[in-house]
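Take a look at the letters that make up each chain.
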Amino acid sequence: MRSSRTLSAIFALALILFILTVSIGLPIYIRPFYYAHIDAMDLPQYSGYSAETIRESYDAVLDYLTLPGRSFSTGDIPHSAEGAAHFADCKVLFDLNRNVLLLSGLVLAVLGLLRKLGKTGPYRLGRYSAARWAAVLAIAAPILVGGLAATDFDRAFVIFHRIFFPGKSNWLFDWRTDPIILVLPQDFFMHCAMLIGGGLLAISLGILIFDIFREKKGRR
């Protein structure tokens, strides 16, 4: 039994989106990743806030960004209306990433179940499996974007905000009115980008290696 090209393409697209959104979720949902930066980047000395205050502030912001029905808060660190507006814009992106992750995961689960029940054949696009195509494309993305960011992260950071927050400037925080920016330095976001890229590479390579070995085993 062969799967249709349409189902195979849907499987590949869902897998790419799943890999991407899981990788983006790594610095979002693994909060110890940020906690490790508090002392490593000497944020209490830099910001004037205690490590406990910084951690509680970060948790309050992440709760707002990732959990439904939460009001915006930066804990004991002050924020302006402009700052709150930017985090509201960020929440839209966080919600989008979560929803795409859940939807793509559901699609993969359904297609996997259909395959296991024998309702469809292997998902292939031409000579290779749809999973291999998805892994290769997912690997190409961080190499391209990571190469551009590595050469000039400051410029990449600005371009990112201009793309995802078009026509807005409230992401240009003033530490005097939004001292939260003092505990969210740009270097932290660079490390987030590195974690996302590393996650993309690791997951994609894992899928690629597994698929190659599975195909070789099937030929024996």
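Our structure is the block above this text.
Attention in this report is confined to the structure presented alongside it. This one's a predicted model, so the numbers in the text were calculated from it and none came from an experiment. As a convention, each chain's residues are numbered from 1 in the sequence order in which they are written. In keeping with the model being predicted, local features are shown solely for residues with a pLDDT of at least 70 and side-chain atom pairs are shown and tallied solely at 80 or more, while totals for entire chains, interfaces and linings include all residues. The basis for the side-chain values is all heavy atoms of the structure; hydrogens and waters are excluded.

### What about the packing of helix H2 (residues 32-40) against helix H4 (residues 51-66)?
Where we set the bar: Under this scheme, a helix contributes an axis fitted over its contacting stretch, all axes are lines through C-alpha atoms, and angles between N-to-C directions fall in the 0 to 180 degree range. Strands here are runs of E lasting at least two residues and helices are runs of H or I lasting at least four, both read from the DSSP assignment and numbered beginning at the N terminus. We call two directions roughly parallel when the angle between them is under 35 degrees, roughly antiparallel when it is over 145, roughly perpendicular when it lies between 65 and 115, and oblique otherwise. For any helix crossing, the convention is left-handed if the near helix is rotated counterclockwise from the far helix by under a right angle, and right-handed if that rotation is clockwise. In this analysis, two residues are considered to be in contact whenever any of their non-hydrogen atoms come within 4.5 Å of each other. Three classes are used: nonpolar for Ala, Val, Leu, Ile, Met, Phe, Trp, Tyr, Cys and Pro, charged for Asp, Glu, Lys and Arg, and polar for all others, with Gly counted as polar.
Between H2 and H4, whose axes approach to 11 Å, the crossing angle comes to 150°. Here H2 is positioned roughly antiparallel relative to H4, judged by the angle of their axes. By crossing handedness, the relation of H2 to H4 is classed as right-handed. Residues Tyr 34, Tyr 35 and Ile 38 of H2 touch H4, and the partners they reach there are Ala 51, Ile 54, Arg 55, Tyr 58 and Asp 59. Looking at the contact of H2 with H4 residue by residue, the classes come out as six nonpolar, no polar and two charged.

### Digging into the nonpolar core
Note the threshold: The nonpolar core is taken to be a set of buried Ala, Val, Leu, Ile, Met, Phe, Trp, Tyr and Cys residues, with the residues joined through side-chain atoms within 4.5 Å. Exposure classes here rest on a 1.4 Å probe applied to the protein chains alone. A residue is buried below 20% of its type maximum, exposed above 50%, and partly exposed in between.
Residues Tyr 34, Tyr 58, Phe 87, Ile 180, Val 183, Leu 184 and Phe 188 are the most contacted members of the largest nonpolar core, which totals 25 residues. Mapped by element, the contributors of at least two residues to this core are H2, H4, helix H5 (81-116) and helix H8 (186-219). Per element, the largest residue contribution to this core is six residues, and it comes from H4. In contact with Phe 87, not counting residues within four places along its chain, are Val 61, Tyr 64, Leu 65, Phe 72, Phe 173, Ile 180 and Leu 184.

### Re the packing of helix H1 (residues 5-29) against H5
H5 packs onto H1 with a crossing angle of 140° between their chain directions and a minimal axis gap of 8 Å. Taken as axis vectors, H1 and H5 run oblique relative to one another. Crossing of H1 against H5: the hand is left-handed.

### With respect to H4
Basically, it comes down to this: Multiplying one less than the number of residues by 1.5 Å gives the expected span of a helix.
In a regular helix each residue adds 1.5 Å, so 16 residues correspond to 22 Å; H4 covers 22 Å between its end C-alpha atoms and thus fits that length. Counted residue by residue, H4 has twelve buried out of 16 residues, so it is predominantly covered.

### Remarks on the environment of Leu 102
Of note, Leu 102 is situated in helix H5. Along the backbone, Leu 102 and Gly 121 are 19 residues apart, and their C-alpha atoms lie at a distance of 24 Å.

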